[in-house]
Amino acid sequence: MATMESLIGLVNRIQRACTVLGDYGGGDAALPTLWEALPSVVVVGGQSSGKSSVLESIVGRDFLPRGSGIVTRRPLVLQLQKTEQGLQEYAEFLHLPKKRFTDFSMVRKEIQDETDRLTGKSKQISPVPIHLSIYSPNVVNLTLIDLPGLTKVAVEGQPESIVQDIENMVRSYVEKPNCIILAITPANQDVATSDAIKIAREVDPTGERTFGVLTKLDLMDKGTNALDVLEGRSYRLQHPWVGIVNRSQADIHKKVDMIAARQREREFFATSPDYGHLGSKMGSEYLAKLLSKHLESVIKARIPGIASLINRSIDELEAELDHLGRPVAIDAGAQLYTILELCRIFDQIFKEHLDGGRPGGDRIYGVFDHQLPAALRKLPIDRHLSLQNVRKVVSEADGYQPHLIAPEQAYRRLIEGALNYFRGPAEASVDAVHFILKELVRRSIGETQELKRFPTLQAEIATAATEALERFREDSKKTTLRLVEMESSYLTVDFFRKIPQELEKGGNPAASSADRYTEGNFRRIGSNVSSYVKMVSETLKNTIPKAVVHCQVREAKRSLLDHFYTQVGKKEGKQLAELLDENPALMERRQQCTKRLELYKSARDEIDSVSWSR
């Protein structure tokens, strides 16, 4: 059967671990962190309501800053841990993890200094909490959160918004369903006007989470008492009201210690004619035990939900760690294997883009099916074969002696000139496919999640792939231009053989040289050259894509990183380690996930180890 101390101690240990790892919501309700799933006690009250005195009475130590006006200007997360009798009391701050405070006056000074560090010496407030743990045999296991006191007006040195700012801060804590509200109200104030009760009623209308604390009972006017409140007639809560007698300012100035103050408090209730019958259920010691007992029941009720959250968080963290990857091995062989495996994953994604498993490869087909034919159609062949240009070329080709049958040299010059235009579309096709391949490399690197861990390797692969694509482009450009040059270098013989036959059919081949320079003859020559160029165009429209795919796409699929593999194989351990130099942000994220995973697993084990009462 679990004891009260084991249950609350378990929660305290988990909360402290959450605090160290930064898994503390700090009032932010956006994320259901493990901290926020655990119950804690939030102390709420107006300024000078006696909040600090209540906390010090529960702790049994004088350790909080004192003064008039707003003293608590940052949330104080106070975690009490009961230790064995005889051990020395000490305190630790989260921001000073290796420093133990045994002088509690220095704890007070550190709270003040740490507050001033963020807010300055002004009367400003900050939502950033201060985390303080106190280890003592004289405390109960408990987590208390002290907040700035609620106020109704801003004083000099404070912004007009401070009233609303403090209320918003308080609400961000007390609105959480796992928060237990300790509503502090002075006995010499009408409970109907209590700031703490007002806000508690709004966020906890049933009063299930609210404990009312009435302070300064000893300062009430003679002849009056607070029995109507303490006995629940004035304002009823589901939990009993607890009266507290704080140390007076004179006691504080005289440095009356908390042990003596507790004794005086017990004597006050024991001898009071008004409160004597309630004496066993009054005082700071009773309040601490009451809260601790209530925490035990809340924890028992919430354990299944907490366990479920922990298990879900473990699954999510393990999945994220798998996604982030495990730490890199130190061994050079293992590092080389890791590099080659990452390259293989990238290469597979790149091939999927080309082969249709992922989008992008279809754009290469678009180059051949749309861009290349459109470019071929737009070539200025008609201008090149205009009547004027044909006459000019034929005349220049004949020189001083006119051609006898067909102007062969003119034909060759006209065809070569026309075919020269095909160089542009050929080069453009090569460049268009090159840029698509470069984009697919960039996209594939971005989609290779495993590479994001290693920005240096990522950059090296990108560089190596880009350089390889440049080599493929140069080879492809040479090949496609060679296809164009081949068409110019050797004209189809059958084409020339048809020309004399057509001339014989059309008339006397022995026509005068003057007839050979008629407009009709020039048009016929232009038409013949146009027919041949169209035939070549159809051929190149089919052969250019073949050359581009063979030299660029096929090679990219077969040997994109071959040169990189050769270079990597020559590297030594230190150079391999440099390639696997991880992104610092990812390393930090993995460390955070690993620590959180350890925390959650430890919390799960602790919960499983407790034998719950049936």
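Quick notes on the rules
- Residues numbered from 1 in each chain as written.
- Predicted model: local features only at pLDDT ≥ 70, side-chain atom pairs only at ≥ 80, totals over all residues.
- Heavy atoms only, no water.
- Core = buried A, V, L, I, M, F, W, Y, C linked by side-chain atoms within 4.5 Å.
- Buried < 20%, exposed > 50% of the residue type's maximum accessible area, 1.4 Å probe, protein only.
- Helix = DSSP H or I, 4+ residues; strand = E, 2+ residues; numbered from the N terminus.
- Contact = heavy atoms within 4.5 Å.
- Pairing = 2+ DSSP bridges.

Chemist: Even after reading the chapter, I still don't get the nonpolar core, so can you show me in this structure?
Modeler: What tends to happen in soluble globular proteins is that the nonpolar side chains get buried as a cluster. Counting 67 residues, the largest nonpolar core has Ile339, Leu457, Ile461, Leu560, Leu561 and Phe564 as its most contacted members. It is helix 19 (residues 519–559) that provides the largest number of residues to this core, a total of 12 residues. Those residues in contact with Ile339 that lie beyond four places of it in its chain are Leu457, Phe564, Val568, Leu576, Leu579 and Leu580. Among the nonpolar cores identified, the runner-up in size contains 39 residues, and Ile125, Tyr173, Ala196 and Leu230 belong to it.

Chemist: Is there a simple way to explain the pairing of strand 5 (residues 130–136) in this structure?
Modeler: On a regular strand, each side chain points to the face opposite its neighbour's, so the side chains alternate between the two faces of the sheet. Within strand 5, seven of the seven residues are buried, which leaves it mostly tucked inside the rest of the structure. Burial of strand 5 is two-sided: the residues Ile130, Leu132, Ile134 and Ser136 facing one way and the residues His131, Ser133 and Tyr135 facing the other way are all buried. As paired strands, strand 2 (residues 76–82) and strand 5 are joined by seven bridges and run parallel to one another. Considered in strand 5, the bridge of Leu78 is made with Leu132. Here four bridges tie strand 3 (residues 90–93) to strand 5, and the two strands are oriented antiparallel to one another. Bridging from a neighbouring strand, Tyr90 pairs with Tyr135 of strand 5.

Chemist: I would appreciate a short explanation of the environment of Ile461 in the present structure.
Modeler: Tracing the backbone shows Ile461 in helix 17 (residues 455–489). When its relative accessible area of 0% is taken as the criterion, Ile461 is described as buried. In this structure the C-alpha to C-alpha distance between Ile461 and Val441, which are 20 residues apart in sequence, comes to 9.4 Å. Residue contacts for Ile461: discarding those within four places in its chain leaves Cys343, Phe346, Ile445, Leu451, Leu561 and Phe564.

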